[in-house]
Amino acid sequence: MDRLTQIQQRQAEIQARLAEIEAMPEPDGDDAVRSQALAERNTEVDGLLAEWDQLAAEEKPLAARAARMDAVRAAALNQGNREGIGRGEPRGPQIVRRSDSPRGDRSLDELFWATDEAVTAGSLDKAGVFRANAYGARNPVEQVMIRSESGLAAQAPRITEFRPEHHGLLRSFQGTVADMILFGLLVDKRAKSSRDGFEVARAHRLFRDRWASLMRAMDVDTAAEGGVWVPTGIGANLHEKVRASGKVAPLFSRIDLPTNPWKWPVEGADATAYRVAEPASDTETKMAASTPGTVTPTFDAEIFGARALFSRSLEADSALAILPYARRKLVQAFVDAEEKAVLDGDSDGTHQDSDVTGTVDARTAWDGLRKRGLANAGQAATAISSANIAAVRKDMGKWGLNPADLAIIVGVSNYHTLLPDANLITVDKMGAQATILNGQIGSVWGVPVIASEHVREDLNAAGVHDGVTATKTYFLLVNRMEWAFGQRMALDVEVDDSIYRETFQRVLVGFMREDFQNIGDATSNDDTAIGYNTTP
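Figured I'd write up the structure that's included with this text. Keep in mind it's a predicted model, so treat the numbers as computed, not measured.

Points about the overall build of the protein
Regarding its fold elements, the protein presents 13 helices and 21 strands. Expressed as a percentage of the 536 residues in the protein, the buried residues total 44%. Contacts in the protein between residues far apart in sequence, at least 24 positions, make up 73% of those at least 6 positions apart. Counting only carbon and sulfur atoms, one obtains 51% of the accessible surface of the protein, whose full area is about 27300 Å².

Description of unusual backbone geometry
Among all residues save glycine, negative phi is the norm, and among peptide bonds the norm is trans. Of note in this structure, Asp219 is not a glycine but carries a positive phi near 60°. With respect to the helices and strands, the residue Asp219 is situated in the loop between helix 6 (205-217) and helix 7 (225-228). For Asp219, a relative accessible area of 60% translates into the label exposed. Not every positive phi belongs to a glycine, and Asn533 is a case in point at roughly 60°. Counting through the fold element by element, Asn533 comes out in strand 21 (residues 528-534).

Things to note about the packing of aromatic side chains
Tallying each qualifying case throughout the model produces 14 aromatic pairs. Arranged with centres 5.7 Å apart and planes meeting at 40°, the rings of Phe173 and Trp229 form a pair that is tilted. Separated by 56 residues along the polypeptide, Phe173 in helix 4 (residues 167-187) and Trp229 in the loop between helix 7 and helix 8 (236-245) bring together distant segments of the chain. Each member of the pair Phe173 and Trp229 is classed as buried.

Observations concerning the layout of surface pockets
Think of a ball as big as a water molecule: rolled over the atoms, this probe shows where empty space is left. Of the voids in this model, the largest pocket is the one considered here, and its volume is about 960 Å³. Contributing to the lining of the largest pocket are 29 residues, with Tyr135, Tyr415, Val427, Gln440 and Ile441 lying nearest its centre. Of all the secondary structure elements, the ones that give two or more residues to the lining of the largest pocket are helix 1 (3-22), strand 2 (122-124), strand 3 (130-132), helix 13 (412-418) and strand 16 (440-444). Classifying every residue of the lining of the largest pocket gives 14 nonpolar, nine polar and six charged.

Observations regarding helix 6
With 13 residues, helix 6 should reach 18 Å at 1.5 Å per residue; the first-to-last C-alpha distance of 19 Å fits that figure. Taken as a whole, helix 6 has its buried residues at Phe207, Trp211, Ala212, Leu214 and Met215. Buried residues of helix 6, viewed axially, fall in a sector of 165°; they line one side. Turned more than 90 degrees away from the buried face of helix 6 sit Arg205, Asp209 and Arg216, all of them exposed.

Topic: the nonpolar core
A general trend in soluble globular proteins is that nonpolar side chains are found buried together. One finds Phe173, Trp211, Met218, Phe252, Leu369 and Ile409 to be the most contacted residues of the largest nonpolar core, which totals 76 residues. Broken down by element, the residue count for this core peaks at ten residues, all from helix 4. Not counting residues up to four positions away in its chain, the partners in contact with Leu369 are Phe252, Val342, Leu343, Ile409, Leu476, Val478, Trp483, Phe516 and Thr528. Core analysis: the second largest hydrophobic core is formed by 19 residues, Ala381, Ile384, Met396 and Leu424 among them.

Considering the pairing of strand 18 (residues 473-479)
Each regular strand carries side chains that alternate between the two faces of the sheet. Among the seven residues in strand 18, seven count as buried, and that is most of the element. Here strand 18 pairs with strand 21 via five bridges, running antiparallel. Bridge pairing links Val478 to Thr528 in strand 21.

Digging into the side chain of Glu240
Residue placement: Glu240 occurs in helix 8. Looking at Glu240, its side chain comes within polar contact range of the main-chain nitrogen of Asp116, at 2.8 Å.

So, the sheet that holds strand 18
The strand order across the open sheet formed by seven strands is 13-21-18-14-17-16-15, and the pairing between neighbours is mixed. What marks the edges here is a single partner per strand, and that holds for strand 13 (377-380) and strand 15 (424-426). Ignoring strand direction, the axes of neighbouring strands in this sheet form an average angle of 25°. The sheet contact formed by strand 14 (residues 406-410) and strand 17 (residues 447-451) spans three bridges and is parallel. Each residue of the ladder has a partner; that of Ile409, found in strand 17, is Ile450. Docked against the sheet, helix 12 (residues 386-394) engages strand 13, strand 14, strand 16, strand 17, strand 18 and strand 21, running at close to 50° with respect to strand 18.

Here is what the cut-offs are and how they apply
Residues numbered from 1 in each chain as written. Predicted model: local features only at pLDDT ≥ 70, side-chain atom pairs only at ≥ 80, totals over all residues. Heavy atoms only, no water. Helix = DSSP H or I, 4+ residues; strand = E, 2+ residues; numbered from the N terminus. Buried < 20%, exposed > 50% of the residue type's maximum accessible area, 1.4 Å probe, protein only. Contact = heavy atoms within 4.5 Å. Areas by Shrake-Rupley, 256 points an atom, 1.4 Å probe, with all protein chains shown as cover. Phe/Tyr/Trp six-rings, centres within 6.5 Å; stacked < 30°, edge-to-face > 60°. 1 Å grid on protein atoms, 1.4 Å probe; cavity = no way out; pocket = protein on both sides within 12 Å on 5 of 7 lines; lining within 4 Å. Points joined across faces, edges and corners; volume = space filled by probe spheres on them. Nonpolar A, V, L, I, M, F, W, Y, C, P; charged D, E, K, R; others polar. Expected span 1.5 Å × (residues − 1). Arc of directions from axis to C-beta. Core = buried A, V, L, I, M, F, W, Y, C linked by side-chain atoms within 4.5 Å. Pairing = 2+ DSSP bridges. Polar contact = N/O pair within 3.5 Å; in protein donor to acceptor, adjacent residues only side chain to side chain. Axes fitted to C-alpha atoms, helices over the stretch in contact; angles between N-to-C directions.

Right under this line is the structure:
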C-alpha cells in the first residue's frame with residue numbers, strides 16, 4: 001500500500017472517530033467525574049486534529065504528484081501526442097503536446113452533464129452547504145442521456161474521461177451554469193424555463209464577466225458557441241447532489257429509458273446445462289433444449305415535481321445570496337419524494353395507507369417495498385432484534401442468501417432499539433476496508449443496516465395506516481438486485497407566477513421523470529420481506 005493511500009485511510013478513521021466523539025452524550029457522575037471525562041475527550045480531539053494537520057501537510061505534495069503522474073500517463077497513452085518516426089529517421093524524444101482546454105471535440109452539453117461514477121455521499125444543511133458522510137460513503141451516479149451534435153440521443157461522458165487537471169474547470173462550469181439558471185429564474189418574471197433563466201443571467205452584470213472568463217478558460221469563443229449555447233436541464237451539479245443525498249434510492253441500480261413506457265426483457269429462470277454424450281456417428285441424438293424464462297416489467301416514468309415560493313420583487317443581489325438555499329430546497333424535495341415512494345409506494349386506486357388520498361402524492365407513483373413485503377414475505381415482529389431480522393430473512397428463501405445483495409432498512413425508533421444488539425457491528429468498528437453506504441449504521445449478519453427517517457411509525461398491527469391504531473412501525477429486508485429505477489428525464493426547473501399572482505409570489509418548480517420496478521421473474525418471488533407490528 002502506498003503512502004498516499006495510507007494517509008487517506010487514516011484521515012477517514014480520524015473523521016469517523018471525531019464524528020463518534022461529537023455524538024457522545026454528556027458524561028454522567030458528579031462535577032469532578034464529568035470534568036475529567038470532558039477533558040479526556042478534548043485531549044483526544046486535540047490530538048486527532050493535530051494528527052490530521054500533519055497528514056494533510058504530508059498528503060498535499062503526494063496528491064499533487066499523483067495527479068501529475070496520472071496526467072503524464074494519460075498523455076502517453078494518447079497516440080496523437082506522439083511524434084511519428086519514419087523508416088530510417090533518427091529516433092528523437094517524444095514531445096507531449098499540452099492543451100489547457102478540456103473541450104477537445106466535446107460539445108458544451110457533454111461537458112455540462114459529465115458525471116462521476118460515484119460521488120461522496122452526505123446531505124445539505126439548512127444553509128445549502130454539503131456535509132460529507134463522516135465514514136466516506138459514496139453513492140452511484142448514472143450517466144444522463146443528452147442530445148449529441150447530430151441531434152441523436154447519447155450518453156453524457158464520465159468526468160474521468162477528461163484529464164485530471166481539467167476536472168476543477170469542468171465542475172466550475174457546471175456549478176456556474178446551474179447558479180445562472182436559478183438566478184435568472186428568480187430575478188426575471190419573464191423567465192419560465194431553465195433556458196430562459198440562463199440567458200437572463202448571461203446578460204446580467206453579476207454573471208456577464210464571470211461567464212466570459214469561464215469561456216476563455218475553456219477555449220470557447222463567446223462570439224460563437226459561447227454566446228448562443230443554452231443548457232438543457234439543470235446539469236450534473238444538482239443532479240449529483242440529489243444522488244449524493246439519497247439513502248434508500250442509491251441501494252438500487254438505474255437505467256435510462258429509451259422510450260416511455262418501455263418494456264425491459266429481463267432474464268427469468270436460468271437455463272439448464274445437460275450432459276452430452278460423446279458422438280460416435282453422424283446420427284447422434286441432439287442435446288436437450290433449455291430456454292430461460294423471461295419477464296417484461298414495464299417502466300412507465302412518472303413526473304416528480306418540487307416547488308419553492310419566492311417574492312416577485314426579489315432583487316438580484318438577494319437572489320444571488322439565496323442560491324444555496326434554493327438548491328437545497330430542490331435537492332431535498334426530490335430526495336424525500338424518492339425515498340417515500342420507494343418505501344411506501346402503492347399505485348392501486350386505493351392506497352394501502354388511509355391518509356394517502358391524493359393522486360399527486362409521490363407515494364402513489366409505483367408499488368414500493370413495504371407493499372411487496374406485506375404481499376409476499378412478512379411476519380409480525382413485536383420488536384426489532386438480530387434474531388427477528390434472521391427470522392424475516394429466512395422467509396426470503398434463496399433471495400435472502402447472499403448478504404452482498406441485501407439491505408436492511410429501519411426507521412428512527414428501530415435504529416435506537418437495535419444499537420445495543422450484540423450482533424450489530426456499527427460502522428466505526430467495520431474497519432478501513434469496509435464499503436460504507438449512505439445512512440448505514442452498521443451491519444447484522446453481514447447485511448448493511450440503513451436508517452431512514454421516512455420509515456413510518458404510525459401504522460397498525462397489520463403494517464398499514466388506518467387512522468385508528470398508530471402505534472406500530474416496521475423494518476425491511478430487500479434483495480437490491482431485484483429492483484431497478486428507470487429514468488426518462490434528468491432534473492430540470494421552470495418558474496410559474498400565475499397560481500400565486502394574488503400573493504405577489506412566483507413558484508420555482510423542479511421536476512424529473514422516473515419509475516421504480518421489481519425486475520424479478522415472478523411476482524411471487526420472496527425478494528422483499530418485512531417485519532411488521534413492531535413497537536417503536
